Amino acid sequence: MTDSVIAFVLASVSVVAIAWALRRRHVAVTGVEIAATLPWFAVIGVAVAIGRSTPLSGLAAGFFQSPTVYLVVAALVAGLWMILDAADVNDISRWTAVSGVLTAIAVGGVSLLATEALHWRVLVWNAVAIVLAIGITGLVLRAVQDRYLSTHGWLGGGVLFAHVLDATTTGIGLEYLGTNERNPISATIIQVGDGIGPSGVVLFLLVKITAAMLILAALDIDRDQLGRETVGLLVIAAGAGLIPAVHNLTLFALTIH
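Conventions and cut-offs
- Residues numbered from 1 in each chain as written.
- Predicted model: local features only at pLDDT ≥ 70, side-chain atom pairs only at ≥ 80, totals over all residues.
- Heavy atoms only, no water.
- Axes fitted to C-alpha atoms, helices over the stretch in contact; angles between N-to-C directions.
- Helix = DSSP H or I, 4+ residues; strand = E, 2+ residues; numbered from the N terminus.
- Parallel < 35°, antiparallel > 145°, perpendicular 65-115°, else oblique.
- Left-handed = near helix turned anticlockwise from the far one by under 90°.
- Contact = heavy atoms within 4.5 Å.
- Nonpolar A, V, L, I, M, F, W, Y, C, P; charged D, E, K, R; others polar.
- Phe/Tyr/Trp six-rings, centres within 6.5 Å; stacked < 30°, edge-to-face > 60°.
- Buried < 20%, exposed > 50% of the residue type's maximum accessible area, 1.4 Å probe, protein only.
- Salt bridge = Lys/Arg side-chain N within 4 Å of Asp/Glu carboxyl O.

> Lay out the packing of helix 7 (residues 120-143) against helix 12 (residues 228-255) with the relevant residues and their values.
Relative orientation of the contacting elements helix 7 and helix 12 amounts to 170°, with a least axis distance of 9 Å. Between helix 7 and helix 12, the angle falls in the class roughly antiparallel. Crossing geometry of helix 7 relative to helix 12 is assigned as right-handed. Across the interface between the two elements, Val122, Leu123, Asn126 and Ile130 from helix 7 touch Leu249, Phe252 and Ala253 from helix 12. A breakdown of the residues in the contact of helix 7 with helix 12 according to their chemical character gives 6 nonpolar, 1 polar and no charged.

> Outline the packing of aromatic side chains, supporting the account with residue identities and numerical values.
Tallied over the entire structure, the rule returns 1 aromatic pair. Centroid distance Trp125 to Tyr176: 4.2 Å. Interplanar angle 10°. Geometry classified as stacked. Placement of the pair is Trp125 in helix 7 and Tyr176 in helix 9 (residues 154-176), with a sequence separation of 51 residues. Residue class for Tyr176 comes out partly exposed when judged on its relative accessible area of 48%.

> Tell me about the pattern of salt bridges, residues and numbers included.
Per the counting criterion, the structure on display carries 3 salt bridges. In this structure, the salt-bridge partner of Arg25 is Asp85, at a minimum N-O distance of 2.9 Å. Pair noted here: Arg25 is in the loop between helix 1 (3-24) and helix 2 (31-35) and Asp85 is in helix 5 (residues 68-86), with a separation of 60 residues, a long-range link. Residue classification places Asp85 among the partly exposed positions, given a relative accessible area of 24%. Its salt-bridge partner being Asp166, residue Lys208 comes within 2.9 Å of it at the nearest N-O pair.

Next comes the structure, spelled out in structure tokens:
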């Protein structure tokens, strides 16, 4: 049995065991707690980038591989919920979100400090990608008169921002940092865009915006409070953009010199 398989089995057993313990303790997981897990998708993005850029070996390498890393993060979140419930903490959602942000910063920060040469040029372009994503997200939401912000709350903007950030980081990487697109679907869209216009990155951005808006439209509901299932789908949709976006930002910083 290889180290990667052992890591996957251990992570799977951990998730099942903690999920069973949560159920036994009757810990109620509401939509608010599920929404608060979104920052943990950034942790996955950072971890995957570390796994692809850092010479790890043994079980450590296995835990940083996909899909095992998803299970590891799920176990961490579930374990956190168990600890918070045992400590009788009331605002579990806030602690979940804050701990996710701090974990992403800590893991990413340590990995960056461990690099031999961190170039400011890369950090500047990373910042440009983030600022562009914020600006484009704001313009799109203003164009639709904040419809999906009022319907879905901050998660609506989060879904759009995550996918726009994926597009801007991909574009910055291809146009200015000399990277290659590894996702075959994204690469095909960009290649088609290059064939019909000045830049395939623009087409990729439009596709990502369209996909995000279609998701929000499909989950549009006329209720004052989002249900747990809808929140879960929105978080997954946002995570699908946030993971590759954060992965791009981290990988650029770790590998481009």
